[in-house]
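Residues per chain, in single letters:
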Amino acid sequence: MNNFTFYNPTRIHFGVGQIEKIKSEIPANARVLVIYGGGSIKSNGVYEQVSSTLAEYKWFEFSGIEPNPLYDTAMKALDVIKHHNIDYLLAVGGGSVIDATKFIAAAALFVEENHNNDPWDILTQQLKIKAALPFGTVLTLPATGSESNSGSVMTRDDNKLFFGSVHTYPQFSILDPQTTLSLSNRQISNGVIDAFVHTVEQYLTYPVNAKIQDRFAEGILQTLIEEGSCVLNDQNNLEIRANIMWSATMALNGLIGVGVPQDWATHMIGHELTALHGIDHARTLSIVFPAVMKIKRKQKREKLIQYGQRVWNLCGTDDEIINQAIDKTVEFFQTMQVPTSLSDVNLGASDIDAILAKLKQHQMIALGEHRDIDLVVSREILEKAL
Ligand code: NZQ
Ligand code: ZN
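Glancing now at the environment of A248. Mapped onto the elements, A248 comes out in helix α9 (residues 238-251). By relative accessible area, which is 1% here, A248 ends up buried. For the pair A248 and G145, spaced 103 residues apart in the sequence, the C-alpha separation amounts to 5.8 Å. Those residues in contact with A248 that lie beyond four places of it in its chain are P142, A143, G145, E147 and A195.

Structure (structure tokens):
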């Protein structure tokens, strides 16, 4: 196992009715900005629960954060923060709302400290931020793990970029599985697939004898397969929602990623697909990941065998296990009703050059756990995904 330092300061309140814990987390004298998306929280009762919990606070709201959140929208929140002297943010929504809140929290102080320099530099130049406004989250879509990590992905024009800082962990997150009952099948599937691919990005690399991380990862994958296979046919089952919700948090709160090599090539290629073609984040992953397994089969051989044996209970020769493991993964994605090839989303060979040009522009030229996925290998992956 590799050396590591593990740090995760986010306090989690999990379960039905936990929204009221907001009161024990946000200081009574805080001036709070509630940040949310396009309005799902107004139709599923979450907005009412949050506003009644905040009844004794001085609070304001900022809405309209879109899926794959846009820099331009987030920047508008800075005026509200300044105007109302906001000193605490509360994100209520899915990964996009939480990611945008992280950016807003960082940008608000960055602009103050850097004489109005553009906070987009934090993403393009990977600047280390020195501080951010404190914030908490009420998660309504289990998928990204953003509720319990420091990362954020923002989009400006057709550039979808990542930043993360020790200052952008949520102070607390409320995970009430009841809030997820209003999700569409598409968003439920997306969440399961995103959490699944987060897990394999940190697991399906090469062995370093990290037994806890491996077995935790395998547990998350098996839970997602088990619950994912039922969730679309058992719409109101709160137990299933609870297990999916906790799996998604555990998949990307840092725990399974410590001390092990990490891949993330599927995500980096996927981000370009979203930026160029507007494909949902998780759906880019279900397209790219099967091709990554196939093209990196040799480098991932030992972990592919372990994955086949332990996650899918496969037996046979090593090559049979790998073939079946890849097939089983694709079948699982298909039962989750997500695309598994570029042709499923009406993209073809003629679209590949533009994706590669974006990877080059964003310096995504040495991806994967061995940093050996250059643009030539990315082309092979995309061709395999056709
Ligand atoms: O905007 P509203 O009206 O709230 O509707 C949202 C949105 O349209 C809706 N929704 C959310 N909760 C709902 C609900 N609808 C009904 N009932 C509910 N309870 O779902 C739609 C999608 O929401 P979004 O937040 O965009 O989805 P998700 O959580 O999948 O987040 C995706 C974003 O997170 C980034 C992705 O790139 C993408 O931009 N990621 C962030 C990561 C991180 N911070 O660690 C890691 C991930 O790999 C990912 O890159
Ligand atoms: Zn993801």
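Our next topic: the pairing of strand β8 (residues 172-175). Where a strand is regular, its side chains alternate between the two sheet faces. Residues F172 and I174 point to one face of β8 and S173 and L175 to the other, with burial holding for every one of them. Note: strand β5 (residues 135-139) against β8, 4 bridges, orientation parallel. Bridge pairing links L139 to L175 in β8.

Under the domain assignment, the protein chain is made up of domain 1 (11-179) and domain 2 (185-384). For domain 1 and domain 2, the distance between their C-alpha centroids amounts to 27 Å. At the interface, 23 residues of domain 1 touch 23 residues of domain 2. Buried area between domain 1 and domain 2, both sides added, is near 1,900 Å², and the carbon and sulfur share of it is 67%. On the domain 1 side of the interface with domain 2, the three residues burying the most area are P142, D158 and K160, jointly 27% of the side's total.

This part covers the sheet that holds β8. Taking strand neighbours across the sheet as the criterion, the 6 strands line up as β1-β8-β5-β4-β2-β3 in an open arrangement whose pairing is parallel. Two strands close off the open sheet at either side, each with one partner strand: β1 (11-14) and β3 (58-62). Across the sheet, the mean angle from the axis of one strand to that of its neighbour is 20°, orientation sign disregarded. As paired elements, β1 and β8 share 4 bridges and run parallel to each other. Looking at the pairing, I12 lines up with S173 of β8. Packed on one face of the sheet, helix α4 (residues 71-83) meets β2 (31-36), β3 and β4 (88-93) and runs near 155° to β3.

This paragraph deals with the site of ligand 1. If you check the shell around ligand 1, you find 31 residues, and the closest are G38, S40, G95, S96 and K160. Here an oxygen atom of ligand 1 and a side-chain polar atom of K160 are 2.7 Å apart. One nitrogen or oxygen atom from the side chain of S182 is found 2.8 Å from a nitrogen atom belonging to ligand 1. Elements supplying a minimum of two residues to the shell around ligand 1: α5 (95-113), β6 (151-156), α7 (185-203) and α10 (265-277). Classifying every residue of the shell around ligand 1 by side-chain character gives 7 nonpolar, 21 polar and 3 charged.

What follows concerns the nonpolar core. Core analysis: the largest hydrophobic core is formed by 43 residues, its most contacted members being F196, L204, Y307, F332 and F333. Secondary-structure elements contributing two or more residues to this core are α7, α8 (211-231), α9, α11 (281-295), α12 (301-312) and α13 (318-335). By residue number, the principal contributor to this core is α7, which donates 8 residues. With 38 residues, the next largest nonpolar core counts A106, L133, L161 and M245 among its residues.

Moving on, we come to the coordination of the zinc ion (ligand 2). Six octahedral donors at a metal ideally form angles of 90 or 180 degrees, and four tetrahedral donors ideally form angles of 109.5 degrees. Protein ligation of the zinc ion (ligand 2) involves D194 (OD), H198 (NE2), H267 (NE2) and H281 (NE2), the donor distances falling in the range 2.0 to 2.2 Å. Donor residues for the zinc ion (ligand 2), ordered by position in the chain, follow D-x3-H-x68-H-x13-H. Taken together, the residues span a long stretch of sequence, with D194 in helix α7 and H267 in helix α10 at a distance of 73 residues.

Next up on the list: the packing of aromatic side chains. Summed over all chains, the structure comprises 12 aromatic pairs. Residues F196 and F332 carry aromatic rings whose centres are separated by 5.5 Å and whose planes lie at 40° to one another, so their mutual orientation is tilted. Highlighted residues: F196 in helix α7 and F332 in helix α13, separated in sequence by 136 residues. In this structure F196 comes out as buried when scored by relative accessible area, which is 0%.

This paragraph deals with the pattern of salt bridges. With the rule as written, the count across this model stands at 14 salt bridges. Among the ionic pairs, R11 bridges to E25, the shortest N-O distance being 3.4 Å. Taken together, the residues R11 in strand β1 and E25 in helix α1 (residues 22-25) connect sequence positions 14 residues apart. Measuring nitrogen to oxygen at the nearest pair gives 3.9 Å for the salt bridge that ties E61 to K42. Of the two residues, E61 is situated in strand β3 and K42 in helix α2 (residues 40-43); the sequence distance between them amounts to 19 residues.

Scoring rules and cut-offs
- By convention here, each chain's residues receive numbers from 1 onward along its written sequence.
- Here chains are named by letter from A upward and ligands by number from 1 upward, in the order in which they appear as written.
- It should be noted that, the model being predicted, local features are given only for residues of pLDDT at least 70 and side-chain atom pairs only at 80 or more, the latter also being counted only at that level, while totals for whole chains, interfaces and linings use all residues.
- By convention in this description, side-chain values take in all heavy atoms of the structure and omit both hydrogens and water.
- Each helix is a run of H or I in the DSSP string that is no shorter than four residues. Each strand is a run of E no shorter than two, and both are numbered from the N terminus.
- Only protein chains enter the area calculation, which uses a 1.4 Å probe; residues under 20% of their type maximum are buried, those over 50% are exposed, and those in between are partly exposed.
- Two residues qualify as a contact provided that any one of their heavy atoms is within 4.5 Å of a heavy atom in the partner residue.
- Following DSSP output, two strands are said to pair if at least two bridges run between them.
- Note that the domain bounds reflect an automated or database-derived domain assignment.
- Buried area, as used here, totals the accessible surface that two parts lose on assembly, with accessibility defined by a 1.4 Å probe and the loss added over both.
- Only the stretch in contact is used when fitting a helix axis, every axis being a line fitted to C-alpha atoms; angles between N-to-C directions are given from 0 to 180 degrees.
- The rule for a residue being near a molecule or strand is that one of its heavy atoms must lie within 4 Å of it.
- Counted as a polar contact is a pair of N or O atoms within 3.5 Å, where, for protein atoms, one must be capable of donating a hydrogen and the other of accepting one, and residues adjacent in sequence contribute only when both atoms are in side chains.
- Throughout this entry, Asp, Glu, Lys and Arg are counted as charged residues, while Ala, Val, Leu, Ile, Met, Phe, Trp, Tyr, Cys and Pro are counted as nonpolar. The remaining residues, Gly among them, count as polar.
- The definition of a nonpolar core used throughout is a set of buried Ala, Val, Leu, Ile, Met, Phe, Trp, Tyr and Cys residues joined through side-chain atoms within 4.5 Å.
- Donor atoms are limited to N, O and S found within 2.8 Å of the metal ion, a distance that becomes 3.2 Å for Na, K and Ca. With water left out, some sites might look partial.
- Ring pairs shown here join Phe, Tyr and Trp side chains whose ring centres sit within 6.5 Å, with only the six-membered ring taken for Trp; geometry is labelled stacked below 30 degrees between planes, edge-to-face above 60, and tilted in between.
- Basic side-chain nitrogens of Lys or Arg form a salt bridge, by our definition, when they fall within 4 Å of a carboxyl oxygen of Asp or Glu.

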